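As a plain string of letters, each chain reads:
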Amino acid sequence: MTTSRLRILIDDWKNHSWLHSLDFSCPDEILTEALDEFLYDYIRWFPGREEVDEDMLCLVPQLIPVLTYRIARRLYLARREEKGPTSADSFSLLGRHIGQIEIYYSSQIGRGLKINHGSGTVIGARCRIGENCLIHQNCTLGDKNGARPSVGDNVIIYAGAMILGDISIGSNTIIGANSVVLDSCPPGSILIGSPANPRP
């Protein structure tokens, strides 16, 4: 997908939403960088692809919030000194509107993010996620006492799980459905329950 084609898609998405009056200005270089990074997320769904196919992108609506996050994140890093609503906010809202997934642009997310189903999932402000993370629907990574979690590489988070507060989730960990994780865990853990306890 080219940058110019992505602009046409963004215009179409926003014009078919209640966000059509917001500012979606974005330099070409940021769109190009975001698309290059998003390709790693895209090929988690479509292995072996060398570029983003817009038809396939639109068939998997949970990919769109990941793409708009990549754009919003780069805008945020480039313009974080600005006060008030920015185009980063617009892209973030657009992804939330289309995919029913809330990903804050102040969160730091590595390449290869895959969100299955997705509806209701929230990745809160200032969370940190490593590479190749798989997240299912209705999951929350968010605040507890003003702090947010850090998640390692290759972590799988099943439906309904909550990961809250100033904790670190080691790489290659699996978090079971509806688990509530309030404590840090080492790499390779299996966490189940509310509150979650490590299982062998």
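Heads up: these notes are all about the structure in this document.

Here is what the cut-offs are and how they apply
- Sequence positions are assigned chain by chain, starting from 1 and proceeding in written order.
- Confidence filtering applies because this is a predicted model: local features only for residues at pLDDT of at least 70, side-chain atom pairs given and counted only at 80 or more, and all residues used for totals across whole chains, interfaces and linings.
- In computing side-chain properties, one takes all heavy atoms of the structure into account and sets aside hydrogens as well as water.
- Residues form patches when they are more than 30% accessible in relative terms and have no salt bridge. Like charges link within 9 Å. Nonpolar side chains (Val, Leu, Ile, Met, Phe, Trp, Tyr) link within 5 Å.
- Using the Shrake-Rupley algorithm and a 1.4 Å probe, accessible areas are obtained, with residue cover drawn only from the displayed protein chains.
- Between Lys or Arg on one side and Asp or Glu on the other, a salt bridge is scored when a side-chain nitrogen of the former is within 4 Å of a carboxyl oxygen of the latter.
- Under the scheme used here, helices are H or I runs from DSSP no shorter than 4 residues and strands are E runs no shorter than 2 residues, and both carry numbers assigned from the N terminus.
- An expected span of 1.5 Å times one less than the residue number is assigned to each helix.
- Relative accessible area decides the class of each residue, using a 1.4 Å probe on protein chains only: under 20% of the type maximum gives buried, over 50% gives exposed, and in between gives partly exposed.
- Taken from the helix axis, the directions to the C-beta atoms give the arc we talk about.
- Note on contacts: a residue pair qualifies if any of its non-hydrogen atoms lie within 4.5 Å across the two residues.
- Here a cavity is any set of points on a 1 Å grid over the protein atoms alone where a 1.4 Å probe fits but cannot get out, and a pocket is any open set with protein on both sides within 12 Å along at least 5 of 7 lines; a residue lines the site when it has an atom within 4 Å of a point.
- Grid points are joined across faces, edges and corners, and a volume is the space filled by probe spheres set on the points.
- Pairing between strands is defined by DSSP: at least two bridges between the two strands are required.
- Residues belong to a common nonpolar core when they are buried Ala, Val, Leu, Ile, Met, Phe, Trp, Tyr or Cys residues joined through side-chain atoms within 4.5 Å.
- Each Phe, Tyr or Trp ring (for Trp, its six-membered ring) is paired with any other whose centre lies within 6.5 Å, and the angle between the two planes then decides the class: stacked below 30 degrees, edge-to-face above 60, tilted in between.

1. Observations concerning a nonpolar patch on the surface
A cluster of nonpolar side chains, namely Tyr158, Ile174, Ile190 and Ile192, defines an oily patch on the protein surface of about 280 Å² accessible area. Within the element layout of this structure, Ile192 appears in strand 14 (residues 190-193).

2. Focus on helix 1 (residues 3-15)
Along an α-helix, a turn takes 3.6 residues, which lines up residues three or four apart on a common side. Here helix 1 contains 13 residues, and its C-alpha end-to-end distance of 18 Å stays within 8% of the 18 Å for a straight helix at 1.5 Å per residue. Three or more residues of helix 1 are buried, namely Thr3, Leu6, Leu9, Ile10, Trp13 and Lys14. Looking straight down helix 1, one finds that the buried residues subtend no more than 125° of arc, so they occupy a single side. Buried residues along helix 1 sit against helix 2 (28-45), helix 3 (54-59), helix 4 (63-79) and helix 5 (87-99).

3. Overview of empty space enclosed by the protein
On inspection of all chains with the given rule, the structure shows one cavity of 30 Å³ or more. The volume enclosed by the largest cavity comes to roughly 30 Å³. Around the largest cavity sit Pro65, Thr68, Tyr69, Phe91, Ser92, Gly95, Arg96, Ile101 and Ile103, which together line it. Going through the elements one at a time, helix 4 and helix 5 are the ones with two or more residues in the lining of the largest cavity. Top element by residues in the lining of the largest cavity is helix 5. It accounts for four residues.

4. A short note on the sheet that holds strand 4 (residues 122-123)
Strand order across the open sheet formed by five strands is 1-4-7-10-13, with parallel pairing between neighbours. For this open sheet the edge positions go to strand 1 (102-103) and strand 13 (180-181), each flanked by a neighbour on one side alone. The pairing of strand 1 with strand 4 spans two bridges and is parallel. Bridge pairing links Glu102 to Val122 in strand 4.

5. Overview of the nonpolar core
Nonpolar side chains in soluble globular proteins tend to be buried together. In terms of nonpolar packing, the biggest core is built from 54 residues, with Ile10, Leu57, Ile71, Ile135, Ile157 and Ile169 touching the most fellow members. The set of elements that each furnish at least two residues to this core consists of helix 1, helix 2, helix 4 and helix 5. Setting aside its immediate chain neighbours within four residues, Ile157 contacts Cys133, Leu134, Ile135, His136, Cys139, Leu141, Ile163 and Ile175.

6. Overview of the packing of aromatic side chains
Evaluation of the coordinates by the stated rule reveals four aromatic pairs. Taking 6.3 Å as the distance between ring centres and 50° as the angle between the ring planes, the aromatic pair formed by Phe38 and Tyr42 counts as tilted. Separated by four residues within a single helix, Phe38 and Tyr42 lie in helix 2, roughly one turn from each other. Residue class for Phe38 comes out buried when judged on its relative accessible area of 0%. When the ring of Tyr42 is compared with that of Phe46, the centres are 4.9 Å apart and the planes differ by 50°; the resulting orientation is tilted. A single burial state applies to Tyr42 and to Phe46, both of which are buried. Here the aromatic residues Phe38, Tyr42 and Phe46 are joined through ring pairs into a cluster of three or more.

7. A closer look at unusual backbone geometry
In this chain, Ser194 is followed by Pro195 through a cis amide linkage whose omega measures 0°. For Pro195, the location among the structural elements is in the loop between strand 14 and strand 15 (196-199). The phi angle at Arg126 is positive, at roughly 65°, despite the residue not being glycine. Inspection of the secondary structure puts Arg126 in the loop between strand 4 and strand 5 (128-129).

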